Amino acid sequence: MARGKLRIYLGAAPGVGKTYAMLSEAHRRVERGTDCVVAFVEHYGRPRTEVMLHGLEQVPRRELEYRGAVFTEMDVDAVLRRAPAIALVDELAHTNIPGSRNAKRWQDVEELLAAGIDVISTVNIQHLESLGDVVESITGVRQRETVPDEVVRRADQIELVDMSPQALRRRMAHGNIYQPDKVDAALSNYFRPGNLTALRELALLWVADRVDEYLKQYRSEHRVSAIWGSRERIVVGLTGGPEGRTLIRRAARLAEKGAGGEVLAVYIARSDGLTSASPKELAVQRTLVEDLGGTFHHVVGDDIPIALLDFARGVNATQIVLGSSRRKAWQYVFGPGVGATVARESGPDLDVHIVTHGEVAKGRGLPVARGARLGRARIIWGWAVGLAGPAVLAVLLTTVNLGLANNMLLFLTLTVAAALLGGLLPALASAAFGSLLLNYFYTPPLHRLTIADPKNIVAIVIFFGVAVSVASVVDLAARRTHQAARLRAESEILSFLAGNVLRGETSLEELLERVRETFGMESAALLERAGETEPWTCAGRAGFGPTLERPEDADVDMPVGDHLALALTGRVLPAEDRRVLAAFAAQAAVVLDRRRLQEEADRARALAEGNRIRTALLAAVSHDLRTPLAGIKAAVSSLRSDDVAWSEEDQAELLEGIEEGADRLDHLVGNLLDMSRLQTGTVTPIIREIDLDEVVPMALGGVPEGSVDLDIPESLAMVAVDAGLLERAVANLVENAVKYSPPDRPVLVSGSAIADRVEVRIVDRGPGVPDAAKERIFEPFQRYGDAPRGAGVGLGLAVARGFAEAMGGTLDAEDTPGGGLTMVLSLRAAGSRTGQLTPVPSERQVT
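Residues numbered from 1 in each chain as written. Predicted model: local features only at pLDDT ≥ 70, side-chain atom pairs only at ≥ 80, totals over all residues. Heavy atoms only, no water.

Caption draft 1: Summary view of the side chain of T122. Summarising the element assignment, T122 is placed in strand β7 (residues 118-124). In terms of polar contacts, T122 uses its side chain to reach the side chain of D90, at 2.4 Å. (Helix = DSSP H or I, 4+ residues; strand = E, 2+ residues; numbered from the N terminus. Polar contact = N/O pair within 3.5 Å; in protein donor to acceptor, adjacent residues only side chain to side chain.)

Caption draft 2: Layout of the packing of helix α15 (residues 404-422) against helix α16 (residues 424-442). Where α15 meets α16, the axes come as close as 8 Å, and the angle between the chain directions of the two elements is 165 degrees. On the basis of their axis angle, the class for α15 and α16 is roughly antiparallel. α15 and α16 meet at a crossing whose hand is right-handed. In this structure, α15 contributes L404, N407, M408, F411, L414, T415, A418, A419 and G422 to the contact, and α16 contributes L424, P426, A427, S430, A431, G434, L437, L438 and Y442. Class assignment for the residues of the contact of α15 with α16 results in 13 nonpolar, five polar and no charged. (Axes fitted to C-alpha atoms, helices over the stretch in contact; angles between N-to-C directions. Parallel < 35°, antiparallel > 145°, perpendicular 65-115°, else oblique. Left-handed = near helix turned anticlockwise from the far one by under 90°. Contact = heavy atoms within 4.5 Å. Nonpolar A, V, L, I, M, F, W, Y, C, P; charged D, E, K, R; others polar.)

Caption draft 3: Seen up close, a positive patch on the surface. A cluster of basic residues, R249, R250, R253 and K257, forms a positive patch at the surface. Inspection of the secondary structure assignment puts R250 in helix α10 (residues 244-256). (Patch = residues over 30% accessible without salt bridge, like charges linked within 9 Å, V, L, I, M, F, W, Y side chains within 5 Å. Areas by Shrake-Rupley, 256 points an atom, 1.4 Å probe, with all protein chains shown as cover. Salt bridge = Lys/Arg side-chain N within 4 Å of Asp/Glu carboxyl O. Lys, Arg positive; Asp, Glu negative; His and termini not counted. Charge placed at Lys NZ, Arg CZ, Asp CG, Glu CD.)

Caption draft 4: Inspection of the pairing of strand β5 (residues 69-73) at higher detail. Summarising the sheet, strand β4 (residues 62-66) and β5 pair through five bridges and their orientation is antiparallel. From the neighbouring strand, E63 faces β5, where its bridge partner is T72. In this antiparallel pair of consecutive strands, β4 and β5, the connection spans two residues, and R67 shows a positive phi of 55 degrees. (Pairing = 2+ DSSP bridges.)

Caption draft 5: Structural view of the sheet that holds strand β3 (residues 57-58). Taking strand neighbours across the sheet as the criterion, the six strands line up as β3-β2-β6-β7-β1-β8 in an open arrangement whose pairing is parallel. The strands lining the two open edges of the sheet, one partner per strand, are β3 and β8 (157-161). Both strand β1 (residues 6-11) and β7 contribute to a ladder of six bridges, which runs parallel. Its bridge partner being in β7, Y9 is matched across the sheet by T122. The sheet contacts of helix α1 (residues 18-31) involve β1, β2 (36-40), β6 (86-89), β7 and β8, and relative to β1 the element is tilted by about 145 degrees. In the packing of helix α4 (residues 105-114) onto the sheet, contacts are made with β1, β2, β6 and β7, and the angle to β6 comes to roughly 180 degrees.

Caption draft 6: Layout of helix α13 (residues 338-345). If you check which residues of α13 are buried, you get G339, T341 and V342. Viewed end-on, α13 has its buried residues packed into an arc of 165 degrees, placing them on one side of the element. Where α13 is buried, its residues contact α12 (304-314), β12 (319-323) and β13 (351-355). Once α13 finishes, G347 follows within two positions and takes phi at roughly 85 degrees, a positive value. (Buried < 20%, exposed > 50% of the residue type's maximum accessible area, 1.4 Å probe, protein only. Arc of directions from axis to C-beta.)

Caption draft 7: Quick peek at a nonpolar patch on the surface. There is a patch of nonpolar side chains on the surface, built from W383, L387 and L425 and spanning about 290 Å² of accessible area. Looking at where L387 falls in the secondary structure, it is placed in helix α14 (residues 376-397). The exposure class assigned to L387 is partly exposed, which follows from its relative accessible area of 39%.

The analysis is restricted to geometry; functional conclusions fall outside its scope.
Listed below in structure tokens is the structure:
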């Protein structure tokens, strides 16, 4: 069976008209005779959307009960049995009610597509999984319902339903999206013009990228090699030279002149992996192009013009930017150069810009050999074989006449041996010395440096050429082996740095120690200063020896910007090591910045938490504390008034009100003081071994009689706790549970032992708390749901968790089977490995 096709209407925000567009498409399909049904569409009370459902067949939904309420979801089995040609499924990112066939609606859609049913669906840009963090940073709201990007990307058709932020806000104000009581809040929060504009840009860019993928796929399938200038794509050819920055900036200016311009910087590396380009300069150019909104690409190819043109045509580029050649005039005898070749072969659809720069005609800067890398001993042996060997051989051959050809082969063997041992220079010396000896001793006329027979001249020239060629190959192989080993070591070091950047694991001191070990130095320090004239200070140090005060005092210093420098002592590093050192220096600066940003974030978080607590305290004082005070004052004033003769019942009622208000004040003030003790870290528990049945019943004194069922077995192990803190914690938990549990369903307080822990479970039958809010209810000044202001300042659970952790325990919230919330207070059992430190003996032990 052929897989069904998926069509998605994508929008930037709720209310842009996705569902309306989907239903309009359904009506058009039905009018053409297509079998189309509504599998699941929610109109949310929007009249125009509800009208569009008329005339369309709707598959009955499946009803599910969850937490005492009935919900409806798409009945996948019913849709599969109906087997329509097209099914309408709204809200692709929706999370199904527990007990449904699948956890996510997009999984239901996958089943329909696998059954050969075409599906038309809707989704908002904020529900794409990869954009969750971006949307949260824009709107401040984390989207809980998401759909994997790949599910949407695999859609056969994606249609953008667009609307300007102003038009969407007008639609919202007219009541066409949300109910009137929610309009003001929506316009002031999520539907702010800035939010909508940013979400709209995300949607447009995402769809544009998807369209670009469709275009690339079409060109590939139809083997279209011609360039289609649908958008300006400018390829910048980089050589790793300093002119690359000029080329990148020039390309960025060209891209700004066209709509949707894109810059792609590409560096063509030879397939052998050895290059004269500066990795440091390439890294700088990569950063520059990415800062300007472009992308950097590394391509391998031996023929640079062909590789560059293939890349440009592969990405459907419209322009190529190259720099004027750095070659000198005489070097053009070797060929026209990359720029001229690319311009000649580019064709009519690809423009080539040759940009002048300050490095024109200053030489290509090709790499030169920096001496053999074969070791001192091998070089000495090479010179010995190359100079002494021919002389010894000449003496031996004077006694035996083997002929000129055989003598040449023997001298060539010595030259090859010198090349294998000592490299290029000993081999060249051996070849030259051997040629002279062959000429002097074995080429007529003998014992003279002249040659009578022209054939002998050719033979000696060939001998010298072969010797030089072999020596060159051996020396090149030795140097490249050394370079490859060095590049491998550098790549491992850079890979280590990249991994630390991604994981954020290495501290500054650890990184400096790594620098010291890598380069075999005595010490490494990161120095910084506030300004050009300010003294240097040490931000971090590793190793031994005196502390450096200035970069100039170090054996090696690597500047990082104007105010940072990495300084090392121990030895002078060769120039080839400095590029890896530059990477370490840049990483050290990043680690230092990250550490300081983390410190600033911690301070800001502490200040924000303090401000939040102070604000909440003011709110508590202004209302929660003021209300019982006002009630007490009113009752006392009434009792003291001589204008009214109060009956005994009225007086008792007023006194009862005074007592309740005082108790409430005492409870609130107690929680505020406990919270302040926890915030300042002054809670010092006195741990001793006690029985739960000694403490828990005392914690139930503040709740109505009959509202709590107690189940603490007498055989339960003793716990290592602070009796006072445990009593306050349990009292707060029980009070909270009684507040939310129905009057006819008592709260259950039970105890049980699990391994070396003892658990106290406070079970209520109230409305419960969603998983997402289970941690938030333990934060200070948090009330869940619609709890009235007079219900407390929201400190009870925060104080209870604080006390539990101070005693080495934990406090967590779980769902009560059948509905409700269970608080699980886990405590250390007496005598357990973690509970053996009991500085104060229990009363039972004293007795």
